[in-house]
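# Structure at a glance
Chain residues, written in single-letter form:
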Amino acid sequence: MSMDLKVDNPVPVKDITDEEEDLPKRSLYIFGTDVSQIPCFRSSWLYGISGGIGIGLITFMRTSRGNFSWNVGVGSLCAITVAYWIPCRYLYSKSAIEYAKLQKGIRAAAVYEGSALEKEVMEKSEDV
């Protein structure tokens, strides 16, 4: 006696990469802004928090003064976060501006490709 199993609606086999797509994206919203979309936010806070905790603990171990250590830890958190945020945002803005200029140049090159203006520019660049 043989048993034949028939499946009417087979369950599709999922790939490992499909698991990421099924998970809902969790984000933190502050004043209606998704902070995960702010450049440099995550790294600035991570460095600030870890630095604040570390400096606060070291201060407590050296002085044994709880309130003072707490104030030093929070102050260093703020200082490290701001000190990391400013150069990170500056470099981000600088690269965004350079990218916009490059994109504008590529569009202009596509428009002038094969025209007399392109030949003139190429001749001038060869002379230099």
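As shown above, the structure is provided for reference.
Residues numbered from 1 in each chain as written. Predicted model: local features only at pLDDT ≥ 70, side-chain atom pairs only at ≥ 80, totals over all residues. Heavy atoms only, no water.

So, on to helix α2 (residues 41-63). It helps to recall that an α-helix has 3.6 residues per turn; residues three or four apart then point in one direction. An ideal rise of 1.5 Å per residue puts 33 Å on 23 residues; α2 measures up with 32 Å between its terminal C-alpha atoms. Looking only at α2, the buried set comprises Phe41, Ser44, Gly48, Gly51, Gly52, Gly56 and Thr59. Where α2 is buried, its residues touch α3 (66-112). In the stretch just after α2, Ser64 is the one whose phi turns positive, near 60°. (Helix = DSSP H or I, 4+ residues; strand = E, 2+ residues; numbered from the N terminus. Expected span 1.5 Å × (residues − 1). Buried < 20%, exposed > 50% of the residue type's maximum accessible area, 1.4 Å probe, protein only. Contact = heavy atoms within 4.5 Å.)

So, on to the packing of aromatic side chains. In total, this model carries two aromatic pairs according to the counting rule given. Centroid distance Phe41 to Trp45: 6.1 Å. Interplanar angle 55°. Geometry classified as tilted. With Phe41 and Trp45 both in helix α2, this residue pair falls four residues apart, about one helical turn. Here Trp45 falls in the partly exposed class, since its relative accessible area comes to 35%. Its end group placed over the ring of Phe68, Arg65 keeps NZ or CZ at 4.7 Å from the ring centre. (Phe/Tyr/Trp six-rings, centres within 6.5 Å; stacked < 30°, edge-to-face > 60°. Lys NZ or Arg CZ within 6 Å of the ring centre and 35° of its normal.)

Attention shifts here to the pattern of salt bridges. A full pass over the atoms with the stated rule returns one salt bridge. Between Lys124 and Glu120 there is a salt bridge, and its shortest N-O distance comes to 3.5 Å. Here Lys124 pairs with Glu120, and both are found in helix α4 (residues 116-127), just four residues apart, close to one helical turn. Note on Lys124: relative accessible area 52%, which makes it exposed. Glu120 sits in the partly exposed class, given a relative accessible area of 40%. (Salt bridge = Lys/Arg side-chain N within 4 Å of Asp/Glu carboxyl O.)

For the largest pocket, the calculated volume is near 160 Å³. Taken together, Ile49, Gly52, Ile53, Gly56, Leu57, Phe60, Ser69, Trp70, Gly73, Val74 and Leu77 form the lining of the largest pocket. If you list the elements that add at least two residues to the lining of the largest pocket, you get α2 and α3. Of the residues forming the lining of the largest pocket, the biggest block, six residues, is contributed by α2. Of the residues in the lining of the largest pocket, the class split is seven nonpolar, four polar and no charged. (1 Å grid on protein atoms, 1.4 Å probe; cavity = no way out; pocket = protein on both sides within 12 Å on 5 of 7 lines; lining within 4 Å. Points joined across faces, edges and corners; volume = space filled by probe spheres on them. Nonpolar A, V, L, I, M, F, W, Y, C, P; charged D, E, K, R; others polar.)

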